[in-house]
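A closer look at the structure
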Amino acid sequence: MGARGLYVGRRAAALLAALLLALLAALLALAALYGRCRQEEPPSPRPPRPSPTAPRLTAPPGPAPAAASDRRLPRNLLPLHYDLELWPQVRPGQAGPFAFSGQVNITVHCLQDTDAAVLHSSGLRSHGAGVVRGPLSEKGAVVEVAGLRMDAASEVAVLELRGRLLAGRRYVLQLGFQGRLEEDLDGLFLTRYTDQGLSSMLIASQLEPTYARTVYPCFDEPAMKATFNIRIVHDPSYVALSNMPAIDISEMKDENGSLWTVTKFNTSLKMSTYLTAFVVCDFDYVTRTERGNEIRIWARKEAVKSGYVDYALNVTGPIFSFLEDLLNVSYPLPKTDLVALPDFGAGAMENWGLMTFHESSLMYRPSDKFTSRKAMIAIIVSHELGHQWFGNLVTMNWWNDLWLNEGLASYFEYLGAIIVEPTLSLDKIFYDHVVQPVLREDNERGVRSLSQTEEKIKGSFSLISLFDSITYSKGASITWMLSGFLTEKLFIRALTSYLKEFSFSNANQDDLWIHIQMVVDAQNEVQLPASVKQIMDSWTCQNGFPVLTLNLTTGTISQEQFLNKKNENRTDSYNNTWIIPISWMRNGSSQPLMWLDKSSKVFPEMQVSESEYDWVLLNVNLNGYYRVNYDQLNLKRLACLLENDPKAIPAVSRFQLIDDVFALTQFGYIQIETALELTKYLAREDELFIWNMVLSNLVPENLESTLKNYEVYPLLKKYLLKRMLPIYHYYAGFIRENVDALEDDYFAQVYLEKLFATACWLGLQDCLNLSSELYAKWMDNPEYKIPFLIRRTVCCYGVAVGSDKEWNFAWEMYNRTDSTKEDKDILLSAMSCAKESWLLYRYLQYGLSDTLFSANYTSVIILYAVTKDIGHRIAWEFVTENWPLLSGRYGKELLHDVLKVMGRFVNTDVQIQEVNQRS
């Protein structure tokens, strides 16, 4: 980025301004409710948030022809077993650079005569000559190696032979290797951290999808499963962990006479290379045994001593038992280690028997009374435990079917979490966290299908890009829909059959469809309109999803792909048709499941009478992965129903109904007035997760300052505030009197901040007063804890409605040595909320001081200021006045972030020219 420079073109800036103006003009449609102007474009919603099968001695599925990635290996050798030694040469307190070395002996079965052995290797140097022993049936036999060639571009090592490996025989490939131990969080890596006040180091691994080849030469493809004997040489002060239990610990001396410990592990089960795992650390652990499975949670010593991993230990066993009982397939390993790493890029990884987590995903402070953090830990742990069956026991043939791992694990993560946190509402959380966010993403023409052909998966970059919301959340949503129309009983029965058939092997999605079809064919209760493969391929093999349009007068339902009406030029091989299960309700009564298996179909049962109380609701509780566009007759009746009796429609369906109309507005299917008609009832809405969705649609993030410069702000204030008052006062009562009563209210802990921030932003006096009261309480007693549910809002508006006294207190608290990183971030933002220009300008000047802040905080302060009511003007002037100093001191990398945000507020030719002049 720095080498290429920075340029904000006039056209780009003008486009940004045009997009912003279009959104603001759309919000003016609120005036329609009061006889004001009409606009078609709706408010753009805020993007949601945003959590790996082959016959026995035959070749794994080969690479697809022609366009397949050149990284795929030839199919003439099949790995059976690895003897692997790793030696990370790291001593406590040692300075870098660091390296590791090792030796791998791979037993292979030759499937086709060959004069070369090709396997993966990336970034490794060979150590000594490669050796090929065998055929193993001939004692002492070897095949002479002519040379070892490393092909960096294809990430392979080629053992070129003077003889031939013969089909049907077994051989052992022996390779010594060396590599660099980096701090990059991929492959085998080193991490520095502080524990009990002392600086420490640890070594860990992250090998998915294709980093095993950077640690040891191997057949690094998911279908090339083998067993492993692993031993790790390490400093005696460390403990070594791997997939299997340690069976022997001995000592050895190196060539200099220095002592090292050698930890040897039991033979692994048959597994893919990306699941091998290694940790060398000085951690403590807590342990318990569940059904013979020894579970240990490893973490920094001070974290273990403080009880931070006790919750993770307490939930891991019950989730394991739940999954074993549900799937009727036992966990096959004798132990499970979960390691809380101080720094870990992947967040969490399901390595068989040695799962790794970023410590923030595994630690819970016992003093924290609220359940939202517990829920997060339970969901993440449950996801990785689900992988022990879906991904580890049965692995996809190739990465194009990654959803068989991640989609199924993302489905089971919520089922497992509910077992240990029963106060959570499974359906509400699943739809709010999984289905609705991915529906918002899975509607652009460039979005891929869930399952890809192998030809489209080329190279490591493409593999990494598969780990996205389509794989995880769409995969989970499709699984939820599948379980719904099959019934959970049949679905789990099919999964059990699938798991038992492909244990320690690999599968593709057709294998799953076959086992589901077998279960369906063996019973008579559930009847499907087509084969399981035909139904499910329509959801997994084409991109996007459908929108159903219902005409209640004729009972006709039609389907089309949900795309922006302004850009309908599209083609796809499935002709935009899905086989769609339709759960529906009429006048509050659930109706039998219907199927739409063509582009349009008449359902006489859905024709309604002239009575205003005769209404129909499709996709009840969001059981299907699609949106619904009702005709005006039904929308009017649903709006009246909501105003009279909102509970007549289930909460999840209310959530879906309103989210659908906002999405339909945004994409040009309906007018904004229609969406707003459905929200008139909101004064009677008591579900916070529904309110959060409404506010996310009507009050997009980071547009506060500009919205207030337009006529739309008073209209939005008038429309929203009177509807927000009941739910605001309900929760304000808890904040004032007994906030601990909300400790089991998950959505209050996740979304109350958004509600209060919006109320204060819209000028609700009680919200401003409450913020001022709580902030004053904190000023009187710095040990007082502002309720964390609304801490960011209270700090911001406590400063905003105050004077320099309140600002100076925030500055004092920021500089306290006991302030946590989260505390400092909240206060950095709060200090930018000041309403007095001189305070903001002083704050920005502080940002220039290299004694008060490091350089990376300068951009943070400017970015916080530029998104506030008066801050964007002051920040703009500050940046333009100090451009030479900022550019010279901090470089264009820092300024890039500033200009990127400021571009949203550039809306005049003069400002555009100023940006260009300083680019």
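Conventions used here
- Residues numbered from 1 in each chain as written.
- Predicted model: local features only at pLDDT ≥ 70, side-chain atom pairs only at ≥ 80, totals over all residues.
- Heavy atoms only, no water.
- Helix = DSSP H or I, 4+ residues; strand = E, 2+ residues; numbered from the N terminus.
- Buried < 20%, exposed > 50% of the residue type's maximum accessible area, 1.4 Å probe, protein only.
- Areas by Shrake-Rupley, 256 points an atom, 1.4 Å probe, with all protein chains shown as cover.
- Phe/Tyr/Trp six-rings, centres within 6.5 Å; stacked < 30°, edge-to-face > 60°.
- Lys NZ or Arg CZ within 6 Å of the ring centre and 35° of its normal.
- Pairing = 2+ DSSP bridges.
- Axes fitted to C-alpha atoms, helices over the stretch in contact; angles between N-to-C directions.
- Contact = heavy atoms within 4.5 Å.
- Polar contact = N/O pair within 3.5 Å; in protein donor to acceptor, adjacent residues only side chain to side chain.
- Disulfide = S-S within 2.5 Å.
- Core = buried A, V, L, I, M, F, W, Y, C linked by side-chain atoms within 4.5 Å.
- Expected span 1.5 Å × (residues − 1).
- pLDDT = per-residue confidence, 0-100.

We now examine the overall build of the chain. The helix and strand tally for the chain stands at 27 helices and 30 strands. The 919 residues of the chain split such that 59% are buried. Of the roughly 36000 Å² of accessible surface on the chain, a fraction of 50% belongs to carbon and sulfur atoms.

Another aspect to go through is the packing of aromatic side chains. The tally for this structure, following the rule as stated, stands at 48 aromatic pairs. Both rings, one in Tyr730 and one in Phe734, keep their centres 5.1 Å apart while their planes meet at 80°; by these two values the pair is edge-to-face. Here the residue Tyr730 and the residue Phe734 both occupy positions in helix α17 (residues 712-737), the gap between them amounting to 4 residues, near one helical turn. Pairing Tyr841 with Phe878 gives two aromatic rings, centres 5.8 Å apart and planes at 80°, and the pair type is edge-to-face. Linking Tyr841 in helix α23 (residues 837-848) with Phe878 in helix α25 (residues 871-881), this pair joins segments that are 37 residues apart in sequence. Classification of Tyr841 by relative accessible area gives partly exposed; the value is 30%. Here Phe878 falls in the buried class, since its relative accessible area comes to 0%. When the ring centre of Trp260 is taken as reference, the NZ or CZ atom of Arg91 above it lies at 3.6 Å. Against the face of Tyr814 rests Lys824, its NZ or CZ located 4.4 Å from the ring centre.

If you walk across this open sheet you meet the 4 strands as β28-β25-β24-β30, and the pairing is mixed. Both edges of this open sheet fall to β28 (600-602) and β30 (627-630), since each of them pairs with a single strand only. Looking at each pair of strands side by side, their axes are set apart by 20° on average, direction ignored. Here 6 bridges tie strand β24 (residues 546-551) to strand β25 (residues 556-561), and the two strands are oriented antiparallel to one another. If you follow Leu548 over to β25, its bridge partner there is Gln559.

The subject of this paragraph is the environment of Trp584. Considering the arrangement of structural elements, one finds Trp584 in strand β26 (residues 580-586). Given a relative accessible area of 3%, Trp584 falls into the buried group. For Trp584 and Leu617, which are 33 residues apart along the polypeptide, the C-alpha to C-alpha distance reads 5.6 Å. Beyond its immediate stretch of four places on either side in the chain, Trp584 contacts Ser589, Ser590, Gln591, Pro592, Met594, Glu605, Met606, Val616, Leu617, Leu618 and Val620. Of note is the side chain of Trp584, whose polar atom sits 3.0 Å from the backbone oxygen of Pro592.

Inspection of the secondary structure puts Thr276 in the loop between β15 (259-265) and β16 (278-281). A distance of 2.7 Å separates a polar atom in the side chain of Thr276 from the backbone oxygen of Thr273. Apart from the residues lying within four places of it in its own chain, the contact partners of Thr276 are Ser205, Leu207, Tyr216, Phe228, Asn243, Met271 and Asn351.

This part takes up the state of the cysteines. What the rule picks out here adds up to 2 disulfides. Here the cysteine-cysteine linkages of the chain are recorded as 1-2, 3-4, numbering only bonded cysteines and doing so in sequence order.

Here we come to the nonpolar core. Proteins that are soluble and globular tend to have nonpolar side chains buried together. Core analysis: the biggest nonpolar cluster contains 297 residues, and Ile582 and Phe756 have the highest contact counts within it. Leaving out residues up to four positions away in the same chain, Phe756 has contacts with Tyr728, Tyr731, Ala732, Ile735, Cys767, Leu770, Ile790 and Thr793.

Let us now look at helix α9 (residues 488-501). Taking 1.5 Å per residue, 14 residues should reach 20 Å; α9 reaches 20 Å between its end C-alpha atoms and fits that length. Turning to α9, its buried residues number three or more, namely Leu490, Phe491, Ile492, Ala494, Leu495, Thr496, Tyr498 and Leu499. Those residues of α9 that are buried are in contact with α3 (310-327), β22 (394-396), α5 (403-420), α8 (469-486), β23 (505-507) and α10 (509-521).

Turning our eyes to something else, we now look at the confidence of the model for the chain. In the predicted model, the chain carries a mean pLDDT of 87, and 86% of its residues have values of at least 70. Note on residues 1-58: pLDDT is under 50 here. Beyond four places in sequence and across chains, it has 140 contacts. Here residues 914-919 scores under 50 on pLDDT; set against residues more than four positions off or in separate chains, the count is 17 contacts.

Right, let's talk about the sheet that holds β26 for a bit. The strands making up a sheet associate through backbone hydrogen bonding, with each pair oriented either parallel or antiparallel. Sheet architecture is open: 3 strands sit in the order β27-β26-β29, paired in antiparallel fashion. Whereas interior strands pair on both sides, the edge strands pair on one side only; in this sheet they are β27 (589-596) and β29 (616-618). Ignoring strand direction, the axes of neighbouring strands in this sheet form an average angle of 25°. Pairing geometry for β26 and β29, over 3 bridges, is antiparallel. Within β29, the residue paired with Met585 across the bridge is Leu617.

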